[in-house]
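Structural features, examined
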Amino acid sequence: MHLVSAGSRWHSPKTQATLVTLIAFLICIWSLTGYFNHVFHNEILRVMGEQQSSTASFIAGDIGVEFRERMNALEQFASEIDAPKRLCRGCHQQDGKNTKKSNQHK
């Protein structure tokens, strides 16, 4: 039976090669994790920005359509109103009231 001391086991070329390979593998995994984290973070920010822009454009389009509909309704309503005649009628009525009051004070 061949007994190997614990200290000599770490100095074995096979053990050292295995440890170096394991450490290199772990460093690669850690580096790739950091790289993919950075790439995915930037990609998520880009996609979210596109989504927000698309949503804002969609909502702005709806607001524009509703605004035009309401403006058209207001313009149609305003064209149906004979505003100058109503204003003049209001002026004549007030002039008549003022004349009546001034005639009563005399």
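Refer to the preceding data block for the structure.
Notes on the structure follow. (Residues numbered from 1 in each chain as written. Predicted model: local features only at pLDDT ≥ 70, side-chain atom pairs only at ≥ 80, totals over all residues. Heavy atoms only, no water.)

Description of the pattern of salt bridges
For the structure shown, the criterion picks out three salt bridges. In this structure, the salt-bridge partner of arginine 46 is glutamate 50, at a minimum N-O distance of 2.5 Å. Here glutamate 50 and arginine 46 lie together in helix α2 (residues 13–80), a separation of four residues that amounts to about one turn. Notably, a salt bridge pairs arginine 70 with glutamate 66, separated by 3.5 Å at the nearest N-O pair. You can see arginine 70 and its partner glutamate 66 sitting in helix α2, four residues apart, about one turn around the helix. (Salt bridge = Lys/Arg side-chain N within 4 Å of Asp/Glu carboxyl O. Helix = DSSP H or I, 4+ residues; strand = E, 2+ residues; numbered from the N terminus.)

Side note on the packing of aromatic side chains
Evaluation of the coordinates by the stated rule reveals two aromatic pairs. Their ring planes at 25 degrees and their centres at 6.0 Å tell us that phenylalanine 36 and phenylalanine 40 sit as a pair that is stacked. Of this pair, phenylalanine 36 and phenylalanine 40 are both found in helix α2, four residues apart, which corresponds to roughly one turn of the helix. Residue phenylalanine 36 is classed as partly exposed on the basis of its relative accessible area, which comes to 40%. For phenylalanine 40, a relative accessible area of 52% puts it in the exposed group. One aromatic cluster in this structure is built from Tyr35, Phe36 and Phe40. (Phe/Tyr/Trp six-rings, centres within 6.5 Å; stacked < 30°, edge-to-face > 60°. Buried < 20%, exposed > 50% of the residue type's maximum accessible area, 1.4 Å probe, protein only.)

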